Amino acid sequence: MERKRSIRRRQKPPFAERAKDHCRNFTAFMFSNVGIIFLVVLYMIAGAFMFIAIEGNEALERFAQIPFKRNETAMKLWQISCCEVNVFNKSVFEEKVGNEIRAYQEKIVLWARRGWQGSDITLESETPWSFSGAFLYSLTVITTIGYGNIVPRTEWGKIATIFYTIIGMPLFLLYLSNIGDILAKSFKWIYAKFCLCRVCPGVARRRAMRARRRARTEERDYSSEIGDNGFDTNTITTSNVDEEIEEEITAETNTVTVPITICIMIMIGYIFFGARLFADWENWDILDGSYFCFISLSSIGFGDIVPGASLQTKGDTKMEISFILCAVYLLLGMALIAMCFNLMQEQVIYKIRSLKKCVRGCFRCAKAVPVPMEEPES
């Protein structure tokens with residue numbers, strides 16, 4: 001008789017449960033320290049394509065009528081001066097011409113408010129909503145920089161900007177928090193290994209002196225007992241010193257705080273690095289580049305100096321790539337600023353706690369001092 005197997009095959013969970021698990025794992029990865037970077041970049045790319053689809057050639061179609069309106073106004077002025085009004089009647093002539101010129105001026109002001117830059121635009125011109133321009137717009141929206149050189153003009157574009165900002169701003173703040181914390185921990189580890197390492201003369205000397213003083217104290221206390229048992233006191237003392245130095249290195253590495261001056265130097269160096277890059281990309285001088293980097297990284301965004309002069313050159317792929325790299329510089333730079341703020345916050349908290357301990361110690365010493373009693377008068 002055949003034996004019945006009691007081993008049951010492991011049943012697969014239902015499809016709905018497996019789909020939930022995959023979605024949960026995917027969401028956890030996307031909001032992790034690594035996935036948040038891809039999520040922000042993909043969100044900006046999706047926003048760029050969305051605004052291109054919404055705005056697109058709408059500005060070109062609107063502004064392409066400007067030359068015809070100007071020619072139409074010129075023809076009206078010619079008709080007024082030739083046919084409609086007697087040129088010798090000065091008051092009537094000035095009134096008619098003034099009305100036409102004022103109407104044309106009102107149109108110019110309206111076009112300028114809608115984004116017209118003053119140059120003639122045809123349907124064959126390059127739209128300001130190229131991929132690089134839309135990518136910059138997406139970046140400035142979620143980072144709250146807001147240069148203002150590229151703005152939506154259609155109703156659907158304005159509505160899309162509102163909802164895009166509502167989702168994008170918390171996402172970018174999460175990016176700054178996670179990436180800033182990672183960079184801060186990494187920089188603390190590098191700073192501890194290179195600036196508080198054993199090979200540094202000053203730090204190593206201070207550690208060795210403290211460890212030797214403790215070792216000598218222990219040696220004096222237990223020299224008689226160790227000598228009677230026949231052990232080598234020098235070997236034990238040396239091993240104790242090495243162990244104590246190693247413990248101090250580990251403790252200081254975990255509790256190290258980066259000085260504020262180093263954080264300020266990092267930010268200044270990154271600003272000058274960007275100023276040099278923009279001097280090559282946009283033909284700016286170092287002062288304008290430094291000013292633009294500081295205004296952008298601090299998310300002030302006045303808009304008086306903006307990148308994008310390269311966008312006026314049609315079909316220049318090199319300039320377009322440089323413009324995308326400019327956006328990447330701002331994206332990484334704001335994470336670096338968040339790292340520096342995180343490190344400076346830890347340094348300030350450490351100083352405040354040290355000051356609090358010092359004040360408490362002073363009060364304890366003041367309370368411990370005995371007050372001399374006054375002698376009774378005879």
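Residues numbered from 1 in each chain as written. Predicted model: local features only at pLDDT ≥ 70, side-chain atom pairs only at ≥ 80, totals over all residues. Heavy atoms only, no water.

Named according to an unreviewed UniProt entry, the protein chain is Potassium channel domain-containing protein originating from Anopheles gambiae. The UniProt entry for the protein chain carries the following text under Sequence similarities (unreviewed entry): "Belongs to the two pore domain potassium channel (TC 1.A.1.8) family." UniProt, in its Subcellular location (unreviewed entry) section for the protein chain, records the words "Membrane". (UniProt positions renumbered as here; feature names shortened; annotations may be inferred.)

A.B. asks: Even after reading the chapter, I still don't get helix H2 (residues 35–54), so can you show me in this structure?
C.D. replies: Structural remark: α-helix, 3.6 residues per turn; residues separated by three or four positions point the same way. Between its first and last C-alpha, H2 extends 28 Å over 20 residues, near the 28 Å set by a 1.5 Å rise per residue. Every buried residue belonging to H2 is among Gly35, Ile36, Leu39, Val40, Tyr43, Met44, Gly47, Ala48 and Phe51, and all of these are buried. Where H2 ends, the next residue or the one after it, Gly56, has phi of about 55 degrees, a positive value. (Helix = DSSP H or I, 4+ residues; strand = E, 2+ residues; numbered from the N terminus. Expected span 1.5 Å × (residues − 1). Buried < 20%, exposed > 50% of the residue type's maximum accessible area, 1.4 Å probe, protein only.)

A.B. asks: Honestly, the environment of Ala103 in this entry has me stumped. Any pointers?
C.D. replies: Along the chain, Ala103 turns up in helix H5 (residues 90–113). Owing to a relative accessible area of 32%, Ala103 belongs among the partly exposed residues under this scheme. For the pair Ala103 and Thr73, spaced 30 residues apart in the sequence, the C-alpha separation amounts to 9.0 Å.

A.B. asks: Looking at this structure, I do not really get the UniProt feature "transmembrane region" (unreviewed entry) in the protein chain. What am I missing?
C.D. replies: Taking the numbering used here, the UniProt-annotated feature "transmembrane region" (unreviewed entry) corresponds to residues 28–54, 129–147, 159–177, 256–279, 291–309 and 321–344. Regarding residues 159–177, the helix share stands at 100% and the strand share at 0%, and the terminal C-alpha atoms are separated by 28 Å. When the span residues 256–279 is considered, its composition is 83% helix and 0% strand, and the gap between its end C-alpha atoms is 37 Å.

A.B. asks: What exactly am I supposed to notice about a nonpolar patch on the surface here?
C.D. replies: Together, Ile260, Ile264, Ile268, Phe272, Ile286, Val348 and Ile352 make up an exposed nonpolar region whose accessible area comes to about 560 Å². Every element with two or more residues in the nonpolar patch is listed here: helix H10 (260–281) and helix H12 (317–368). Counting through the fold element by element, Ile260 comes out in helix H10. (Patch = residues over 30% accessible without salt bridge, like charges linked within 9 Å, V, L, I, M, F, W, Y side chains within 5 Å. Areas by Shrake-Rupley, 256 points an atom, 1.4 Å probe, with all protein chains shown as cover. Salt bridge = Lys/Arg side-chain N within 4 Å of Asp/Glu carboxyl O.)

A.B. asks: What should I look at first to understand the nonpolar core in this one?
C.D. replies: Most often, soluble globular proteins have nonpolar side chains that are buried together. Membership of the largest hydrophobic core comes to 55 residues, with the highest contact counts inside it found for Val40, Met44, Ile142, Phe172, Tyr175 and Leu297. Those elements that provide at least two residues to this core are H2, helix H6 (131–142), helix H7 (155–195), H10, helix H11 (286–297) and H12. No other element matches the 15 residues that H12 contributes to this core. Those residues in contact with Val40 that lie beyond four places of it in its chain are Ile142, Leu171, Phe172, Tyr175 and Leu331. (Core = buried A, V, L, I, M, F, W, Y, C linked by side-chain atoms within 4.5 Å. Contact = heavy atoms within 4.5 Å.)

A.B. asks: Which parts of the structure should I look at to understand the packing of aromatic side chains?
C.D. replies: How two aromatic rings sit relative to each other is set out by the distance from centre to centre and by the angle between their planes. Enumeration over the complete set of coordinates arrives at 16 aromatic pairs. Here the aromatic rings of Trp129 and Tyr137 are separated by 5.2 Å at their centres, their planes lie at 75 degrees, and the arrangement is edge-to-face. Neither Trp129 nor Tyr137 differs from the other in exposure class; each is buried. Joined through ring pairs, the aromatic side chains of Tyr147, Tyr270, Phe273, Phe278, Trp284, Phe292 and Tyr329 make up one cluster. (Phe/Tyr/Trp six-rings, centres within 6.5 Å; stacked < 30°, edge-to-face > 60°.)

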